[in-house]
Amino acid sequence: MGPKFFGSSLKKRSAIAEQIKENTKMSRKIFIFDTTLRDGEQSPGASLNSAEKVEIAKQLARLNVDVIEAGFPISSQEDFASVRSIAQETWGPVICALARAVEADVNRAGEALKDAGKPMIHTFIGTSDIHIKGQLRKTRDDVLKMAISAVKLAKSYCEEVEFSAMDASRTDPVFLYEIVQATIESGATVINIPDTVGYAIPEQFGQLIKDIFDNVPDVGKIRLSVHCHDDLGMATSNAISAVKAGATQIECAINAMGERAGNAALEQVVMTIKTRGDYLNAYTDVKTQEIINTSKLVSRLTGFVVPPNKPIVGSNAFAHSSGIHQDGVLKERSTFEIMLPQDVGLSESELVLTARSGRHALRHRLSELGFDISNEQLDKVYERFLSVADKKKQVYDEDLFAIVGDELPASPQTYSLEYIQVVGGTPTPVAVVGLQKGEEVIKEVACGDGPFDAACKAIDKITDVRVELVDYSLHAATKGKDAMGEALVRLRSNGQTVIGRGASTDIIEASAKAYVNAINKILKFC
Ligand code: MN
């Protein structure tokens, strides 16, 4: 027997259940709500500036997601500005801003979204007793009232309002039905059921979604969404199980970015629906051919390297190495391949550029890779492309990503590396560094424990910014001894962590560029 609260609507309920059964027979569209820029950006160590967020948002629009959650405007001035810029500069998807179920948050979200073509406010509050008593120190009744008034206030800013019952998977179902019904009555157009702490098991989570359909009278009026975390490695499974049970929106992030172990990976969710649409009776509007480009962009800007064995976007995801598998795939692809590499944007015969490739070929390839650049920017990139092509003969897509990342930084650069000369070995490595600032080139010399350390010390003397090196890594962008080295440094200064990147066929130069790039970002915060 269901809760007394809904006892009178038994008939209505079974009619809705019939409708849902009918709906699940037809192929249903599953809305893809991307939270790379909000939950994803909360990944420890990932920090993006406003220009980088806009760049990712534009790529998410090319990927054709339905909703972009752009940020949490009340959390900081910087986040407010990012959401506003994304709202102004991104076309296509709904732009969403997060707000706790309190007046100030909702107002701030509404302000940030003022210029959005399709705005949506996403308001949330903890609904489990653990959250209500432990975190909020309130009662269920308080929480219900806060949710209702936040949704009503959000509704005064925009038509689309999403309400999330935070920690839904550990919430008393009877209270969950009640708050879901009440927020729908207050105007919510999307209800999100989060497995905030990654606690659910797929079968059980699917059952929860079914129970919501069976117990909330007005559920047929809204889009039911899920938001799953990967603490036990089941985020995607839980989300897919929810779709099977009737949910029509999945919140997810590129490369599974997100708090702690991350969110459901957008690429996994989308490709599962595409590959197993037969079983799920569902589809998405995502342009899957943009998946790899998007994954690379997010990885490059956040500094989160994608492991080779990661589903869909890992470098080994489509590589067959055992003899039996290779033989099978060569004879008949479907023997061991369930997806086509082209479907996620991997080109089978990668177009290789050389020093003889003209500006036109370069521009063409760059636009295929998702870079929309001006003539002036093309001049800069082309010049660098030629110097790289001279050194390494063949220029691959990965090299182009590195070159563009290097030559067209998302934010203005105070300093740029003009030259570097390093003498390594014992007893003392020495670096001579020249940095350009405005019209002048400033030169410094320093000794260090190693060549990179010496270079950093010389740079520090010039910039005079106190920084702490938190992390430093170097990897080859492509195969071969002549590959470009891509360096990534993470610096901390005044409690702010930034990521810097640099690329060069010379690894010390790449590292120094990354270091200077990070310092430029710190200077922007000062
Ligand atoms: Mn989350």
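It should be emphasised that the depicted structure is a prediction, and the values quoted were computed from it without experimental measurement. (Residues numbered from 1 in each chain as written. Predicted model: local features only at pLDDT ≥ 70, side-chain atom pairs only at ≥ 80, totals over all residues. Heavy atoms only, no water.)

> Tell me about a nonpolar patch on the surface, residues and numbers included.
There is a patch of nonpolar side chains on the surface, built from Leu 469, Tyr 472, Leu 474 and Ile 507 and spanning about 320 Å² of accessible area. With three residues, the top contributor of residues to the nonpolar patch is strand β14 (residues 468–476). Relative to the elements of secondary structure, Ile 507 occurs in helix α18 (residues 507–525). According to the relative accessible area criterion, Ile 507 is partly exposed, its value standing at 44%. (Patch = residues over 30% accessible without salt bridge, like charges linked within 9 Å, V, L, I, M, F, W, Y side chains within 5 Å. Areas by Shrake-Rupley, 256 points an atom, 1.4 Å probe, with all protein chains shown as cover. Salt bridge = Lys/Arg side-chain N within 4 Å of Asp/Glu carboxyl O. Helix = DSSP H or I, 4+ residues; strand = E, 2+ residues; numbered from the N terminus. Buried < 20%, exposed > 50% of the residue type's maximum accessible area, 1.4 Å probe, protein only.)

> Can you break down the coordination of the manganese ion residue by residue, with the values?
Around the manganese ion, the donor atoms from the protein are Asp 39 (OD), His 227 (NE2) and His 229 (NE2), and they sit 1.9 to 2.3 Å away. Counting the intervening residues between successive donors of the manganese ion yields the motif D-x187-H-x1-H. Note that Asp 39 is positioned in the loop between β2 (31–34) and α2 (50–63) and His 227 in strand β8 (residues 223–228), a separation of 188 residues in sequence. A relative accessible area of 6% means that His 227 is categorised as buried. (Donors = N, O, S within 2.8 Å, 3.2 Å for Na, K, Ca; no water.)

> Please set out the pattern of salt bridges residue by residue, giving values where relevant.
Scanning the model with the defined rule gives 32 salt bridges in all. Its salt-bridge partner being Glu 159, residue Lys 155 comes within 3.1 Å of it at the nearest N-O pair. Taking the relative accessible area as the measure of exposure, Glu 159 reaches 56% and is therefore exposed. Here Arg 359 ties to Asp 379 by a salt bridge, and the two come within 2.5 Å at their closest N and O atoms. Here Asp 379 lies in helix α15 (residues 375–392) and Arg 359 lies in helix α14 (residues 359–368), a separation of 20 residues in the sequence. Using a relative accessible area of 33% as the deciding quantity, one classes Arg 359 as partly exposed. For Asp 379, a relative accessible area of 39% gives the class partly exposed. Residues joined by salt bridges that share partners form a network here, namely Arg 384, Asp 406, Glu 407, Glu 509 and Lys 513.

Nothing here speaks to function; it is geometry throughout.
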